[in-house]
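Read off the chains here:
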Amino acid sequence: MDPPLYREEPLVTAAQRAQLLLLKAVILIVRALPRRIAVRAGRAFGLLASLCVPLHREIARVQMRHVLGPDYHEGVLRESFMHQGGLFADMIRVAYMDDSELKSTVVVEGREHLDKALASGRSVMIVSCHMNWEVLGHVPRVFGIKVCVMADYIKNSAIQAMADEMRSRCRIDVLPPKGGMVNRLTDELKAGSIVGMIVDQRGKRDNGLYCDVLGLPAPTSPAPALIALRGDALILPIAGIRQGDRYIFRWDPPIDSRDFGTDYRLVKSLSDCWKSEAVKNLSCALQSWVSSVVREHPGQWFWLHCRWLRRSDMKKIVRKGLDFGEFVRSQAHGYLQEKNVI
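Residues numbered from 1 in each chain as written. Predicted model: local features only at pLDDT ≥ 70, side-chain atom pairs only at ≥ 80, totals over all residues. Heavy atoms only, no water.

> So what exactly am I meant to see when it comes to the overall build of the chain here?
Looking only at helices and strands, one finds 14 helices and 10 strands in the chain. Relative to the compact-globule value of 20 Å for 342 residues, the chain shows a C-alpha radius of gyration of 20 Å, a close match. Projected onto the principal axes, the alpha-carbon positions of the chain cover approximately 55 × 55 × 40 Å. Sorting the 342 residues of the chain into buried and exposed places 52% on the buried side. Summed over its atoms, the accessible surface of the chain is roughly 16200 Å², and 55% of this surface lies on carbon and sulfur atoms. Here the chain holds 48 positive side-chain charges and 37 negative ones, and the gap between their average locations is 4 Å. (Helix = DSSP H or I, 4+ residues; strand = E, 2+ residues; numbered from the N terminus. Rg over C-alpha atoms; globule rule 2.2 N^0.38 Å. Buried < 20%, exposed > 50% of the residue type's maximum accessible area, 1.4 Å probe, protein only. Areas by Shrake-Rupley, 256 points an atom, 1.4 Å probe, with all protein chains shown as cover. Lys, Arg positive; Asp, Glu negative; His and termini not counted. Charge placed at Lys NZ, Arg CZ, Asp CG, Glu CD.)

Rendered as structure tokens:
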């Protein structure tokens with residue numbers, strides 16, 4: 001018997017209660033429809049949403065046009081919105097599949113990289129990016145391994161309830177955001193747990209850590225690299241790629257944290273990571289992998305995420321018609337100067 005759709009959560013407002021009821025209804029409808037029809041409906045909703053949120057559409061367009069260059073066309077922008085709508089529907093459908101149906105939906109590539117890492121006796125960190133990540137979260141079910149992640153609480157309790165339900169079906173061990181992410185996940189690695197992380201996150205500009213992402217300097221969270229280094233981890237990148245009605249789970253060759261030096265041992269906090277060549281170089285290696293995956297399948301990355309700038313800055317660029325690339329490079333140059341990095 002399926003567990004209840006949601007864990008009961010205290011709802012603060014009537015609006016949140018209404019959102020929870022709406023989400024329950026959407027899940028029931030998506031589950032009742034044949035999968036292909038549900039995904040097509042999701043894609044149609046994504047296209048409609050792109051027309052109803054012109055600011056968000058322009059934010060995505062500005063980023064895509066600049067970093068994809070000649071590979072950009074309006075079809076890629078349209079596909080990115082449609083893909084996210086279809087992904088939402090598939091996230092629900094995949095969560096309620098039994099294990100055998102799920103495995104028949106997934107094509108595995110590069111399995112040997114996972115097997116070698118698990119047999120090495122080393123700590124293992126699995127990394128990915130914002131590309132089909134909600135479906136990719138079913139790695140524990142597909143490969144029969146335990147993976148722990150840390151996730152922030154969502155302020156909207158209705159959305160939090162849905163996230164809890166979906167994550168429980170992935171069989172991921174979700175750690176609460178308490179006790180400090182770096183220390184907690186480092187301890188998990190040292191204890192032999194497999195840690196999973198999404199690495200294409202925009203870090204705080206004050207950290208002074210910038211990596212090249214699709215040709216532009218992007219403020220990057222140093223946490224994944226620092227955790228991997230302190231945990232002596234083999235880092236296994238995995239890409240989730242939609243292909244027709246199936247998903248490819250592709251393991252790429254591992255990145256060995258030992259190859260990046262030991263000066264990370266002098267780092268006391270995330271704000272000091274810019275002083276460590278090991279953290280900087282490993283962070284840049286991870287972003288290089290992300291960039292390569294995005295270039296392969298640009299329509300499947302989550303372009304609504306403001307990767308290079310804060311959303312407030314992106315709104316300013318869109319509304320005033322500013323040069324995105326110049327703004328990004330100028331900002332990075334200014335913060336790196338403050339840190340005396342350049």
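> Would you explain the environment of Leu 77 in this entry?
Topologically, Leu 77 is positioned in helix α4 (residues 74–95). Among residues more than four places away in sequence, those in contact with Leu 77 are Arg 57, Ala 60, Arg 61, Met 64 and Tyr 72. (Contact = heavy atoms within 4.5 Å.)

> Could you clarify how one ought to interpret a positive patch on the surface in this entry?
On the surface, Arg 202, Arg 311, Lys 315 and Arg 319 cluster together into a patch of positive charge. Following the sequence through the fold, Arg 319 ends up in helix α13 (residues 311–320). On the basis of relative accessibility, which here comes to 62%, the residue Arg 319 falls in the exposed class. (Patch = residues over 30% accessible without salt bridge, like charges linked within 9 Å, V, L, I, M, F, W, Y side chains within 5 Å. Salt bridge = Lys/Arg side-chain N within 4 Å of Asp/Glu carboxyl O.)

> Help me out: how do you make sense of the pattern of salt bridges in this one?
Any two side chains of opposite charge can pair, given that their charged atoms come close. Evaluated as defined, the whole model comprises 19 salt bridges. Across the pair Asp 245 and Arg 36 runs a salt bridge, and its minimum N-O distance is 2.6 Å. Taken together, the residues Asp 245 in the loop between β8 (233–243) and β9 (246–251) and Arg 36 in helix α2 (residues 35–52) connect sequence positions 209 residues apart. With relative accessibility at 54%, the residue Arg 36 sits in the exposed group. The shortest N-O distance in the salt bridge between Asp 99 and Arg 171 comes to 2.9 Å. In this pair, Asp 99 is assigned in helix α5 (residues 99–105) and Arg 171 in the loop between α9 (157–170) and β4 (173–175), connecting sequence segments 72 residues apart. The class of Asp 99 is partly exposed, set by a relative accessible area of 25%. The network of salt bridges with shared partners includes Arg 35, Arg 36, Asp 90, Arg 242 and Asp 245.

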